[in-house]
Amino acid sequence: MISSAQELCSIPMPEEHYGMDDYNKGVARWCPGCGGHSILTAVQRVCKDKQYPPEKTVCVSGIGCSSRFPHYMGTYGFHGLHGRAFPVACGVKFRRPDLHVFTITGDGDCCSIGAGHWIHAIRYNMKMVVLLFDNGIYGLTKKQTSPTSPQGTHSNTHPRGSILPPINPILTTLSLPNVSFVAQTTDWNFAHMYATIGKAADHPGLAFVRIVQRCPAFMKDLYGDISGDPEKLILLNHENGIQLKDKAKNAFTRVIEHNPLDMNEAREISEIKDGIPVGLFYQNASNPRYDQYGAHNLGMSIADKKIAVESLLDNYTIRNSQS
Ligand code: SF4
Ligand code: MG
């Protein structure tokens, strides 16, 4: 009788298992109380729970407080130029579709200098998780008005109060062509943030998550008071939305039933002013993805390459039969 190699081997063959330490690197140098700390822990926990190999995971960022994120992840990382997280992340995903990509950007980085890239990244819909750390201010450069600063914000650029109305990142993203996943959460509700990032990681295209983030150094008044007030968060509830355990769900006092297939309702909810709606606004898993047309030959097994080539050829077959 022939024994298997494992039976013959006296050394136990442990299953590969990554712990939190495998995704950790260095000491995060954000201010005490900064929302970045809990976001970092949530992403590390999602990576661990999904057992993403650190060498197959990449965090890409632009410039800003949030963009220091790749330095603190024990994965590959790219700390890029201001506003340029999206093109770098799209390039990585297009060439290496086998990698897990997290794009980290801030309100200035994404919604101002990087706005053009934001639009096209949504349209290209390559599979990645985009985390917009939105603290409503330029924090790294010490308090200038950002595109999401509430009107009237006193800052170094507008000491008498900002003049223009802010961009609504959720409404803007919902209005872009080929948008496939839009969610919102807050750094101070860890259970919801963790569940949201986990759901985003499972989405087949680009998952855009706005994280309403506290900046106690420069925007203490914006979320400092409301972060302890459960009345200010409004949970979007649906069987296809973000799933919470009962204890976390019951902590919400305000709940709206919302089907994430309903784009019109998603847009209406994004304009609610007397609270912060958190949950899945919109999801469409069947939108076309540009990374399916990219390189299918690097970092893949022979079997995966074969499947990828066949699926690429299927695209041409379908297109030719429709023409
Ligand atoms: Fe965080 Fe604000 Fe400090 Fe930047 S300035 S690290 S966003 S608290
Ligand atoms: Mg900011």
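Residues numbered from 1 in each chain as written. Chains lettered and ligands numbered in written order. Predicted model: local features only at pLDDT ≥ 70, side-chain atom pairs only at ≥ 80, totals over all residues. Heavy atoms only, no water.

*Asks:* I'm lost on the coordination of the magnesium ion (ligand 2) in this one. Help?
*Replies:* Geometry sets the ideal angles at a metal, namely 109.5 degrees for four tetrahedral donors and 90 or 180 degrees for six octahedral donors. Those protein atoms acting as donors to the magnesium ion (ligand 2) are Asp107 (OD), Asn135 (OD1) and Ile137 (O), and they sit at 2.1 to 2.2 Å. Read N to C, the donor residues that coordinate the magnesium ion (ligand 2) are spaced as D-x27-N-x1-I. Taken together, the positions of aspartate 107 in helix H4 (residues 107-113) and asparagine 135 in the loop between strand E4 (128-134) and helix H6 (169-174) put the pair 28 residues apart, joining distant regions of the chain. On the accessibility criterion, aspartate 107 (2% relative accessible area) is buried. Judged by relative accessible area, asparagine 135 falls into the buried class, the value being 6%. (Donors = N, O, S within 2.8 Å, 3.2 Å for Na, K, Ca; no water. Helix = DSSP H or I, 4+ residues; strand = E, 2+ residues; numbered from the N terminus. Buried < 20%, exposed > 50% of the residue type's maximum accessible area, 1.4 Å probe, protein only.)

*Asks:* Please explain the nonpolar core as it appears in this structure.
*Replies:* Side chains that are nonpolar tend, in soluble globular proteins, to be buried together. Counting residues in each nonpolar core, the largest one holds 44 residues, and the members touching the most others are Ile39, Val43, Phe69, Phe102, Leu131, Ile197 and Ile276. Within the residue set of this core, elements represented by two or more residues are helix H2 (36-49), strand E3 (100-106), E4, strand E5 (181-186), helix H7 (190-202), strand E6 (206-212), strand E7 (233-237) and strand E9 (276-283). The dominant element in this core, judged by the number of residues it contributes, is H2, at six residues. Setting aside its immediate chain neighbours within four residues, isoleucine 197 contacts Ala42, Val43, Val46, Phe102, Leu131 and Ile211. Grouped together as the second largest cluster of nonpolar side chains are 29 residues, Met128, Val130, Leu174 and Phe281 included. (Core = buried A, V, L, I, M, F, W, Y, C linked by side-chain atoms within 4.5 Å. Contact = heavy atoms within 4.5 Å.)

*Asks:* Looking at this model, I keep getting lost on the packing of aromatic side chains. Mind explaining?
*Replies:* Under the defined criterion, the tally for this structure stands at 10 aromatic pairs. Centre to centre, the rings of tyrosine 18 and tyrosine 23 are 6.3 Å apart; their planes meet at 65°, and the pair counts as edge-to-face. For the pair shown, tyrosine 18 and tyrosine 23 are each scored as buried. An angle of 40° between the planes, with centres 5.8 Å apart, marks the rings of tryptophan 188 and tyrosine 223 as tilted. Linking tryptophan 188 in the loop between E5 and H7 with tyrosine 223 in helix H8 (residues 220-223), this pair joins segments that are 35 residues apart in sequence. (Phe/Tyr/Trp six-rings, centres within 6.5 Å; stacked < 30°, edge-to-face > 60°.)

*Asks:* I'm lost on the layout of surface pockets in this one. Help?
*Replies:* Once rolled over the atoms, a probe with the size of a water molecule shows which space is left empty. Taken as a whole, the largest pocket encloses approximately 640 Å³ of empty space. Arg210, Tyr223, Ile272, Lys273 and Gly275 are, among the 26 residues lining the largest pocket, the residues nearest its centre. Looking at the lining of the largest pocket, its residues break down into 14 nonpolar, six polar and six charged. (1 Å grid on protein atoms, 1.4 Å probe; cavity = no way out; pocket = protein on both sides within 12 Å on 5 of 7 lines; lining within 4 Å. Points joined across faces, edges and corners; volume = space filled by probe spheres on them. Nonpolar A, V, L, I, M, F, W, Y, C, P; charged D, E, K, R; others polar.)

*Asks:* Help me understand the site of ligand 1 in this model?
*Replies:* Around ligand 1 sit Trp30, Cys31, Cys34, Cys65, Asn135, Gly139, Gln213, Cys215, Pro216, Ala217 and Phe218, and that is every residue in its neighbourhood. In terms of residue class, the shell around ligand 1 is built from eight nonpolar, three polar and no charged. (Near = heavy atom within 4 Å.)

*Asks:* Can you help me understand the sheet that holds strand E1 (residues 57-61) in this one?
*Replies:* Within a sheet, adjacent strands bond to each other through the backbone by hydrogen bonds, running parallel or antiparallel. Strand order across the open sheet formed by nine strands is E2-E1-E3-E4-E6-E5-E9-E7-E8, with mixed pairing between neighbours. In this open sheet, the two edge strands, each paired with only one partner strand, are strand E2 (76-79) and strand E8 (254-257). Taken pair by pair, the neighbouring strands of this sheet meet at an average axis angle of 20°, ignoring direction. Bridge analysis of E3 against E4 gives five bridges, and the strand direction is parallel. The partner of threonine 103 across the bridge, within E4, is valine 130. Each of E1, E3, E4 and E6 touches H2; the most contacted strand, E4, lies at about 165° to it. Contacts from helix H3 (residues 85-95) reach E1, E2, E3 and E4 within the one sheet, and its direction differs from that of E3 by about 175°. (Pairing = 2+ DSSP bridges. Axes fitted to C-alpha atoms, helices over the stretch in contact; angles between N-to-C directions.)

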